[in-house]
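Notes for the structure review
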Amino acid sequence: MSTERLLAEIDRLPLVDHHVHGALRRDADRSDLEQMLTESDRPVPPWMTQFDSQLGFAVRRWCAPVLGLAPHADPETYVARRAELGTDEVNRRLLDASGIGHYLLETGYKGEDILGPQGMAAASGRPVDEVVRLETVLEDVARAGVTAAELPDRFRETLAARSAAAVGLKSIVAYRHGFDFDPARPDDHEVTAAAGAWFAECEATGTVRVSHPVLLRFALWCGVDRGLPIQLHAGYGDPDVELHRCDPLLLTRFIKNVEPYGADLLLLHCYPFQRNAGYLAQVFPHVYFDVGLGINYTGMRSDAVIAESLELAPFAKILFSSDAWGPPELHHLGALLWRRGMARTLAAWTDSGEWDVGDALKVVRMIGHDNARRVYRLADRA
């Protein structure tokens, strides 16, 4: 089966994007847009443009036609067309073009700038379910006013309430500390002592941002007790990440400790550690992974990242995500590049006779749709 025929079949699949954020609420000028086409939080130097990157080229090639422009439209023309159409129309066109059928929306990061679950459902015309970020809930509890001794129970109660309708939880321990943390469950005495130190830090700095490893562990273990699937950012991210401390292999002991409790762990993005994540997904029944964020940012080379994700793990343990935040170009490209990469990889395997076409299409359905519906129990919510 040729790449074109396989891609035609894959294009019809309504993907479940199991880790994604909302599209933009407001218009973005060129400077703002370029800042959202990179994981760097530093200003773009005046001697360069983010359009000169794998992601930038992909935007101009694949998003320009959706907005009514020729492929490879120059950045000035592209940005002007976005402004002419306006945010709502740009969102509508690109979200529709993505072919994503269901969004699992993580709502814990800069929610004031992006659409929430209701807004994304309205903009896309697709169902949206929520994934709750553990650290955001913990910080909200602190802002609401609580003593160190009250924190453990107050957080458990608040997390239960905030996640009552959610399909999953998310942790950014990779950003706030790294995966080289003590994998044991902390007791409430440890948590109370850590909370006291954290509150003193918050008062001194005027900032509520949890990074104490005991509190991060506490939030994770409370997540385990909730019984919902837990997403963990792994690998590539913004400069808060110390990448060498975000290799998912560092989670091995935590993964083993969690196993008896029945909570599923989903390793997000994983680039450049996708092969390590594939190993963990193979050997531990409650571990899954994706290569979401790595797909958009590697652009034309995303085919190789996708192929590597298929090397080791059983196909029932791999999921699709875009990790798009903000510009709907990222939602569209996350889906388009994944479909294209899967088609190119699997066409080579079917054309060689190594794989049967029916099996190839079954794997696409599993990764793009069925696995997420099973892990997050989406069928129970229909």
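Preceding this section is the structure that the text describes.
Structure report, in brief.

What counts and what doesn't
- Residues numbered from 1 in each chain as written.
- Predicted model: local features only at pLDDT ≥ 70, side-chain atom pairs only at ≥ 80, totals over all residues.
- Heavy atoms only, no water.
- Helix = DSSP H or I, 4+ residues; strand = E, 2+ residues; numbered from the N terminus.
- Buried < 20%, exposed > 50% of the residue type's maximum accessible area, 1.4 Å probe, protein only.
- Lys, Arg positive; Asp, Glu negative; His and termini not counted.
- Charge placed at Lys NZ, Arg CZ, Asp CG, Glu CD.
- Salt bridge = Lys/Arg side-chain N within 4 Å of Asp/Glu carboxyl O.
- Contact = heavy atoms within 4.5 Å.
- Expected span 1.5 Å × (residues − 1).
- Bend = angle between axes of the 7 residues up to and from the residue.
- Polar contact = N/O pair within 3.5 Å; in protein donor to acceptor, adjacent residues only side chain to side chain.
- Phe/Tyr/Trp six-rings, centres within 6.5 Å; stacked < 30°, edge-to-face > 60°.
- Axes fitted to C-alpha atoms, helices over the stretch in contact; angles between N-to-C directions.
- Parallel < 35°, antiparallel > 145°, perpendicular 65-115°, else oblique.
- Left-handed = near helix turned anticlockwise from the far one by under 90°.
- Nonpolar A, V, L, I, M, F, W, Y, C, P; charged D, E, K, R; others polar.
- Core = buried A, V, L, I, M, F, W, Y, C linked by side-chain atoms within 4.5 Å.

A separate point is the overall build of the chain. Each helix and strand counted, the chain has 17 helices and seven strands in total. The C-alpha extent of the chain, read off along each of the three principal axes, is 60 × 45 × 40 Å. When each of the 382 residues of the chain is scored for burial, the buried share is 55%. Both charge centroids of the chain, one from 40 positive and one from 54 negative side chains, sit 3 Å from each other.

Moving on, we get to the side chain of aspartate 264. Mapped onto the fold, aspartate 264 is located in the loop between α12 (252-258) and β6 (265-269). This buried residue, aspartate 264, is left without a salt bridge; arginine 377 holds the nearest opposite charge, at 5.2 Å. Beyond its immediate chain neighbours, meaning those up to four positions away, aspartate 264 contacts Leu228, Pro229, Ile230, His286, Tyr288 and Val375.

What follows concerns unusual backbone geometry. Here the bond from tyrosine 271 into proline 272 is cis, since omega is 5 degrees, no more than 30 degrees from zero. Residue placement: proline 272 occurs in the loop between β6 and α13 (274-283). In the Ramachandran plot, aspartate 323 falls in the positive-phi region, its phi being about 50 degrees despite a non-glycine side chain. For aspartate 323, a relative accessible area of 12% corresponds to the buried category. One non-glycine residue, arginine 377, lies in positive phi territory at about 55 degrees.

Here the focus is helix α17 (residues 357-375). A rise of 1.5 Å per residue sets the reference length of α17, with its 19 residues, at 27 Å; its end C-alpha atoms lie 26 Å apart and thus fit the reference within 8%. The largest bend along α17 measures about 55 degrees and falls at methionine 366. Taken residue by residue, α17 has Ala360, Leu361, Val363, Val364, Met366, Ile367, Gly368, Asn371, Ala372 and Val375 as its buried positions. Against α1 (3-11), β1 (15-20), β6, β7 (287-289) and α16 (328-351) lie the buried residues of α17. Looking at where α17 begins, the residue whose side-chain oxygen comes 2.8 Å from the main-chain nitrogen of glycine 358 is aspartate 356. Immediately downstream of α17, the backbone of arginine 377 shows phi near 55 degrees, a positive value.

The next subject is the packing of aromatic side chains. Where two aromatic rings form a pair, the distance of their centres and the angle of their planes describe that pair. In total, this model carries eleven aromatic pairs according to the counting rule given. Taking 5.6 Å as the distance between ring centres and 70 degrees as the angle between the ring planes, the aromatic pair formed by tyrosine 236 and tyrosine 297 counts as edge-to-face. Of this pair, tyrosine 236 sits in the loop between β5 (230-234) and α12 while tyrosine 297 sits in helix α14 (residues 292-298), and the two are 61 residues apart along the sequence. Measuring from centroid to centroid gives 5.4 Å for phenylalanine 320 and tryptophan 338, while their planes differ by 55 degrees, and the two rings are tilted. Taken as a pair, phenylalanine 320 in the loop between α15 (302-309) and α16 and tryptophan 338 in helix α16 lie far apart in primary sequence, 18 residues in all. We note that phenylalanine 320, like tryptophan 338, is buried.

With respect to the element layout, aspartate 356 can be found in the loop between α16 and α17. Using a relative accessible area of 47% as the deciding quantity, one classes aspartate 356 as partly exposed. The spatial distance from the C-alpha of aspartate 356 to the C-alpha of leucine 346 is 9.6 Å, given a sequence separation of ten residues. Here glycine 358 takes part through its backbone nitrogen, which lies 2.8 Å from a polar atom of the side chain of aspartate 356.

This paragraph deals with the packing of helix α7 (residues 134-144) against helix α11 (residues 213-226). For any two helices packed against each other, the geometry comes down to the angle between their axes and how far apart the axes lie. Relative to each other, α7 and α11 sit at 115 degrees, their axes nearing to 10 Å. As judged from the angle between their axes, α7 and α11 are roughly perpendicular. Helix-helix and strand crossings are classified by hand; for α7 and α11 the assignment is right-handed. In contact with Leu134, Glu135 and Leu138 of α7, α11 contributes Leu215, Leu216, Ala219, Leu220 and Gly223. For the contact of α7 with α11, a count of residues per class yields six nonpolar, one polar and one charged.

In this section: the nonpolar core. Counting residues in hydrophobic clusters, the biggest one holds 110 residues, and the most contacted among them are Trp338 and Met342. Sorting elements by how many residues they give to this core places α16 first, with ten residues. Not counting residues within four places of it along the chain, the set of residues in contact with methionine 342 comprises Ile10, Ile306, Leu310, Val363, Val364 and Ile367. Leu104, Val131, Leu266 and Val375 belong to the second-largest nonpolar core, a separate cluster that totals eleven residues.

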